[in-house]
Every structure is written in C-alpha cells, then in structure tokens.
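Spelled out, the chains give:
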Amino acid sequence: MKITSREVLADSQGVSIVKLVIQSPAIAAKAKAGQFVVLMVKEEGERIPLTIVEADPGKGTVTLIVQEAGLTTKLLAGAKAGDSLYSIVGPLGHPTVIKNYGKAILVGGGVGIAEIYPVAKALKGAGNHVTVIIGSRAKGLLILERELKAAADDCIVMTDDGSYGRKGFVTEALKELLERSKYGLVYAVGPIPMMKAVSGVTRPFGVFTLASLNALMVDGTGMCGCCRVSVGGKVKFSCVDGPEFDAGQVDWQELSSRNSIYNEKEKHICRLRNAG
Amino acid sequence: MKKEPVKAKERDSAARVRDFEEVVQVFSEAEALREAARCIQCKEPKCVSGCPVGIDIKTFIGQMAKKDYDGAYFTIRRKNNFPSICGRVCPAEYQCRKACVFTKKGEPFASREAIGIHFLERFIGDYGAGKALRVKAAGDDALSRVKVAVVGSGPAGLCCAGELARRGIKVVVFEGLHKTGGVLRYGIPPFRLPRDILDLEIDSLKKLGVEIRTNTIIGRVKAVDELFAEGFSAIFLGLGAGIPSFLGIPGENLCNIYSANEFLTRVNLMSAHKYPAYHTPVNIGRHIVIIGGGNTAMDAARVAIRLQHMNGIEPDTTIAYRRTEIEMPARRLEIEHAREEGVKFRMLVKPEEFMGDEKGFVKKMRASRCELGEPDAGGRRRPVVIPGSSFEIGCDMAVIAVGLGANKILTGVTPRLKTDKYGDVIVDPETMQTSIKGVFAGGDIVGGEGTVIEAMGMAKKAAGAIIDHLGRKAD
C-alpha cells in the first residue's frame, strides 16, 4: 500500500489533479478496465472509491488519478511518494465489457479523462476504431492528452474557455461525430451534468451509451446500499451492479442529489482544516 | 421462598444516551454467585438444548457456584470460543433461558425468573479474558500439516477459525473490510459490544495461531480455485448476509434515507459520531424514523437517539413496525433499552411512500395503519393494511432496517457453488459442505439472516466436518 510515485498532472484555477502509483500486487494482478478500488488514506479516514487508471501486474502497481475536492481527496493528493495508505481493496465493480463494437467514442470530462484511458486502451486492443473526446474548463486542467492521443485513433480536445483545442463542450463534438458516422458505443465519464448531457445527445441516434457513475460508497461490496441509483426505474447498487450503466436509463437528478448529501459537512470539515 | 433473579446493573439512561459506552454492566462476583446459586442443577437440563452451540450450561453454572471460575471458563470454551461476545449479544430469552425450567409454559420468550445464563456467561468470559486464560491448540501431526482458508471474519468465520486452530490446523482468515469482526464490528454498536472486548476475543484467536488478512475480498482478488491451488486443503465460507433489503416504495432513494447497514457502518466501523476528528460523515435528523422491528432496528434507533443527544438536537427517534411489539424479533432487552432511552414506538404501521423537498431530501413519510391477520408460515401474525387509514409522519431522516439478502460477490464468480433462489449457499445440513468438495459454509450466507450464536452453531458443525474431511485426506 506504499505510494511509489506521485506526479501533479494539473494545478490551475484552484483545481489540482494528481497521479499516484501504488504498490498493490494482488490488485494489479486482477484489475481490468472499468474497475475501481476503495481506499482509506489514514485510520481516521473515509473509505472512498477511485477508478483504476492503470494496472501493471509485472511491477505490482496500480495507478490512480485524483482531483482534490473534499478532505479525503485533498489528503490523498497531498500524500508523498514513500507514504503508505491505510488500506486499499479491490478490484471492485464489473469490468467494462470489452469487445469489438466497430467504432467507439469515449468522452471524458475533467478528471473523468483518467477513467476513459484504460477503457480506450482495452477497446483499441479489441480492434475497435476509437475516438476520444476530452474536455476541461481550461488548458491547464487537461490531463492525459498525450497518452490518449497515443491510445486512440482520433482525439478531440475541447475547453470551456477556448484556451486550448476547440472552444465549447464535449457534447458539441460528440453530436457532430454522430451525425457524420455510425458508432457502436459511446462511453462517458465526467461530472454528472456532462454525462447527463451525453446521454441526451446520443439518445436520438440510438447508439449504445455507457456511463461510469461516481456514486458515494462506503464498503464498495454491496453491503451498505449507499451507492444506490435508479436505472430504468429499478434500484441498482453502483458498486456491485455497476459502476457502468446504460446512460439513457440513469436517473441523473437522483444521482446528483444523493451525491450532495454531505455537501454541508464537507464544507464544514474543509473550513476547519483551512482554519487549522 | 424462591430467590429473586439478579438483574445486571445498567447505566442510567439519561447518562448513557450521551455516549457509546457499554450499557449493561458485568455482574460483580457477589451478584454472579447469587444468580448461579439460583440454578437448581436440573437432572436433565433443558437449557443446554436451547443453546445453538450446546454449551454445558448446567456444569459451568455449577462450577461458578463453587467459585471454580477457571473451570467454568474452560467448560464454556469447550463449546464456545467467544463467551464475552455471546454473553452480551445472544438473544438468550429465545434460546437457553427460554428452555430454562423456570420459564413458564407457553410464554413467547423466557420468563423473568429464568436463570440469567447470558449474564453468567459474560461474567465468566470477562473473567477468563482478564486472567488471560488460554485454551491451547492440541498438537495433531496429521492436521498441523494442512491449512484451511476461512472467508469472512464475522461470527461464523471467527468461530470456525477458532475450532480449527485449537486442533492445530493452520488457518488464514480473509476479510474484505479493513477491520475484523464483520457484523460484530460494523453492525453491533459499542454500547452493546465494547470494542476492547471484541479485540480481546479476536486476539485470543491470533494467539491460537490464526492469521488474518484484511482488505482481501475473495471472489475479486482470489477465486475459490486459486485458494485450493495455493495449498489450502479446505475452505469455509462465512460470507454473512450482504445486500440490504429496501421497502420498494416511492421516494426511498431520497437523501437522508439510509439502510441500517450504511447508517451503522458509518458510525460503528467508521466512527462517524466522532466527525470531524474521524472523516466519515453521517447526517443526523431532527425527526428520525426507523423502519423495522429486529435487533438491527433497535441498534439503529439507539444509535440515532445518541447522535441527536450528542449534537444538541431535541431527541425524536421513532421505530415504525408493521406488527405489534410481541412479534418484534428483537431481543427483549434491546426493546426495553430503546424505550428507556426515549425511542418512541409506533406499531402496526406500514410505510407507503417517502416525500422530499426540492433538493431531494426526505421530509415526510406516508404510511398506512395495519391490523393483525392470520399467522404466516413462520407462525407470526401477518399485518393487514386497513383501507383508507393512510397518514403522514414528518421525518427528515429515515433508516430502513428490514433485513438483508445474500451478497453475490463470491457466489457470482463461482458457478460451481450452488445457491438457492435467494442467492444463499446450499449446503448439506449434516456437514455444511457446499456443492464444491472441500468448500463448507455457515452463517447468514446459509439460510439467510440469523443470530450470532446460530452462525457460530453452523460454523462449529462445519469445523467438525472439515476436520473429518482433512482427517480422511491425511490418511
């Protein structure tokens, strides 16, 4: 559970995204694209889920990418190479179904770009033609562009402020692609409004669309039911039934409000920390 | 004249609702001796048959009465590795105490006059732990060369590990969470089972040579066949019940509606009541409704009312149950304690819908009133909704404590492991062996939710069968 390396991928506009490589041979040996771990930074810490961005069975390491948001992600992003995590367990959740869909589009927004990276590599490996659309608020917050350009056949970069790539939202580029050609899969990871917008764009085209959800979790094994989400009117647990679901069937409003349950408490603990 | 039963002392309810310290105090030696002396040492003791693990209750109480506490401790430990735990959490009023000769015929649970067997067991358990009395592992050359994997460190897994280890078998326990104990730690609150007691009992297993690996989910990081390939000669699955059941009514996913598992895990395992010193949050409502009538519902209610007190909120926690108190499956002591602590009870209430505010937080519950109909297959009278009786209860937090289903993490990736329609593992009732040779199971993953001691009963049976299985292999 030792952190073997740490690298700051982005640090701009008050947002910091950090890449950590963690020694965990057992997880590295089994991890597949789309799966996640649940970790604790320290004994007093929370259990939080994070997608496995890369697993190296040879070195026995897994790579995680974390954006500072609440206290736990701040502590994690602030850890140094050589530090040890209190606990890490995984791999959890169903792996992405990797097969030949023909042509696939992967849409990543913000730190969600990290999560489409393993899926892009796996889909490419399965013979798909892979286009990635990655977007961020501004140039300084864009991550993994070089890696995704290498992994995919095409890579479209969008920024909200136009400071790099094209100006605008990822959904604009997505719509254009869908209008021009047939695709077998759209796969989206990012903030809830982005994933919701992606499902709105793909619906009229009838293209199979998966989103990897970022529900709150405690144990990650189906025991607590914290991560429940309505999909097609049925209650599912993101941790054991997901984390990927048919984006067109997800109740985004419910997910968004459930993810806000602790907003007040988060603000409070972060204020305390900053004051301290 | 018959002697009065000795009741264990309890902390005053006004004080105890402000912390998570233990409520029921251990007997003093004088109290224990007085209570032990009430036992009439029946020629054919029924209490023993009321115990799922068959503790020789008559003998240990007889030893106690003669102040042979060491003897009493080892008598219990012959059948039960965890007297300090069972003495605290066993529903004795449905088990040994109900079978006690002092329980009046036809009573639904033990009479007040029944011997306080659980209090005596606890006294002896704590005495043994305090004196560091140790059961030694019996050296058995044939068995000491084999190793057994135990999946899950809850009551079933720990019990099985203990039974095997004392026969000299090398046992490795795999636990998915970062801490051991399963439901004993994430479910049962410290005011019922203090953490130092739990740690002591688990330490006693480690001293017997049991190795425990936390953060290891079998079925994810290792498959059953990989365990065999690594040289484990047998596997015991003590997976517990995993998935929380919900009511399936509208509004159930509103914010601040918790499953009992989530609510209790946040507090008991992650110490959310110590937020922000501990980082896991939990919300605390002003008007909290707990749905259910089992031990988990009582635990959730008692945790909830403590959180309200500790946060300066005027306490308002209500248990809503579909039947009446007599049908509640919870321990009588827990129901009493909840009531003393100010938890309100609304019986014959069936939730129909939760309603929320514009931000998606629960604000009220609509429910119907029920009356009791005919008994169901289990003998409990079924609740029947009274038409047109719908009413609303204001609540800004709800906890659903209506049971658990099988967790499929391991069974889902092990097709050879046969399960029933509920997802529970099917076993041979004589040996607890599953459809895979050398794989045994016990506890809640077999036959659904039960008590700690029932899980241990199954685990003991499985341990016996594992020893037979290994013995045959060793020959």
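These numbers were taken from a predicted model, which means no experiment stands behind them.

### Focus on the side chain of S230 of chain A
Line of reasoning, step 1. For S230 of chain A, the position within the fold is in strand 14 (residues 228-231).
Line of reasoning, step 2. A distance of 3.0 Å separates the side chain of S230 of chain A from the side chain of E254 of chain A, its partner in a polar contact.
Line of reasoning, step 3. At 3.3 Å, the side chain of S230 of chain A and the side chain of N253 of chain B are in polar contact.
Line of reasoning, step 4. The contacts of S230 of chain A, once residues within four sequence positions are left out, are Q249, V250, D251 and E254 of chain A together with N253 of chain B.

### A short note on the interface of chain B and chain A
Accessible area lost when the parts come together is the quantity often used to give the size of an interface.
Line of reasoning, step 1. Contacts between chain B and chain A engage 44 residues on the former and 46 residues on the latter.
Line of reasoning, step 2. Both faces considered, chain B and chain A share a buried interface measuring about 3,700 Å² in area, 58% of it formed by carbon and sulfur atoms.
Line of reasoning, step 3. Of all residues in chain B, R220, N253 and H279 of chain B bury the most surface against chain A, accounting for 23% of the area lost on that side.
Line of reasoning, step 4. Our enumeration of links across chain B and chain A arrives at two salt bridges.
Line of reasoning, step 5. A salt bridge links K179 of chain B to E43 of chain A, with the shortest nitrogen-to-oxygen separation between them at 3.1 Å.

### What about the pattern of salt bridges?
When the charged atoms of two side chains with opposite charge come close together, those side chains can pair.
All names here are of chain B.
Line of reasoning, step 1. Here the structure, examined in full by the defined rule, presents 43 salt bridges over all chains.
Line of reasoning, step 2. One salt bridge in this structure joins D299 and R192, with 2.8 Å as the shortest N-O distance. With D299 in helix 14 (residues 295-310) and R192 in the loop between helix 10 (183-186) and helix 11 (195-207), this pair connects stretches of sequence that are 107 residues apart.
Line of reasoning, step 3. A relative accessible area of 8% means that R192 is categorised as buried.

### Points about the confidence of the model for chain B
Line of reasoning, step 1. When the pLDDT values of chain B are averaged, the result is 94; 98% of them are 70 or greater.
Line of reasoning, step 2. Two numbers describe this predicted complex: its pTM, 0.95, and its ipTM, 0.95.

### Quick look at the packing of aromatic side chains
Residues and elements named next belong to chain B.
Line of reasoning, step 1. A full pass over the atoms with the stated rule returns nine aromatic pairs over all chains.
Line of reasoning, step 2. For the pair Y94 and F109, a centre-to-centre distance of 6.1 Å together with 85 degrees between the ring planes defines the contact as edge-to-face. Remark: F109 occurs in the loop between helix 6 (96-99) and helix 7 (117-130) and Y94 occurs in the loop between helix 5 (83-89) and helix 6; sequence separation between them is 15 residues.
Line of reasoning, step 3. Taking the relative accessible area as the measure of exposure, Y94 reaches 29% and is therefore partly exposed.
Line of reasoning, step 4. Overall, the relative accessible area of 16% leaves F109 in the buried class.
Line of reasoning, step 5. Measuring from ring centre to ring centre gives 5.7 Å for Y258 and F263, while their planes differ by 50 degrees; the resulting arrangement is tilted. For the pair shown, Y258 and F263 are each scored as buried.

### Describing the packing of helix 4 (residues 69-79) of chain B against helix 7 of chain B
All names here are of chain B.
Line of reasoning, step 1. Where helix 4 contacts helix 7, the axes come no closer than 9 Å and their chain directions differ by 105 degrees. Taken together, the axis directions place helix 4 and helix 7 in an arrangement best described as roughly perpendicular. The segment helix 4 lies against helix 7, with Y69, D70, A72, Y73 and I76 engaging E121, F123, I124, G125, Y127, G128 and A129.
Line of reasoning, step 2. In terms of residue class, the contact of helix 4 with helix 7 is made up of eight nonpolar, two polar and two charged.

Cut-off values and rules
Residues numbered from 1 in each chain as written. Chains lettered and ligands numbered in written order. Predicted model: local features only at pLDDT ≥ 70, side-chain atom pairs only at ≥ 80, totals over all residues. Heavy atoms only, no water. Helix = DSSP H or I, 4+ residues; strand = E, 2+ residues; numbered from the N terminus. Polar contact = N/O pair within 3.5 Å; in protein donor to acceptor, adjacent residues only side chain to side chain. Contact = heavy atoms within 4.5 Å. Buried area = accessible area lost by both parts, 1.4 Å probe. Salt bridge = Lys/Arg side-chain N within 4 Å of Asp/Glu carboxyl O. Buried < 20%, exposed > 50% of the residue type's maximum accessible area, 1.4 Å probe, protein only. pLDDT = per-residue confidence, 0-100. Phe/Tyr/Trp six-rings, centres within 6.5 Å; stacked < 30°, edge-to-face > 60°. Axes fitted to C-alpha atoms, helices over the stretch in contact; angles between N-to-C directions. Parallel < 35°, antiparallel > 145°, perpendicular 65-115°, else oblique. Nonpolar A, V, L, I, M, F, W, Y, C, P; charged D, E, K, R; others polar.

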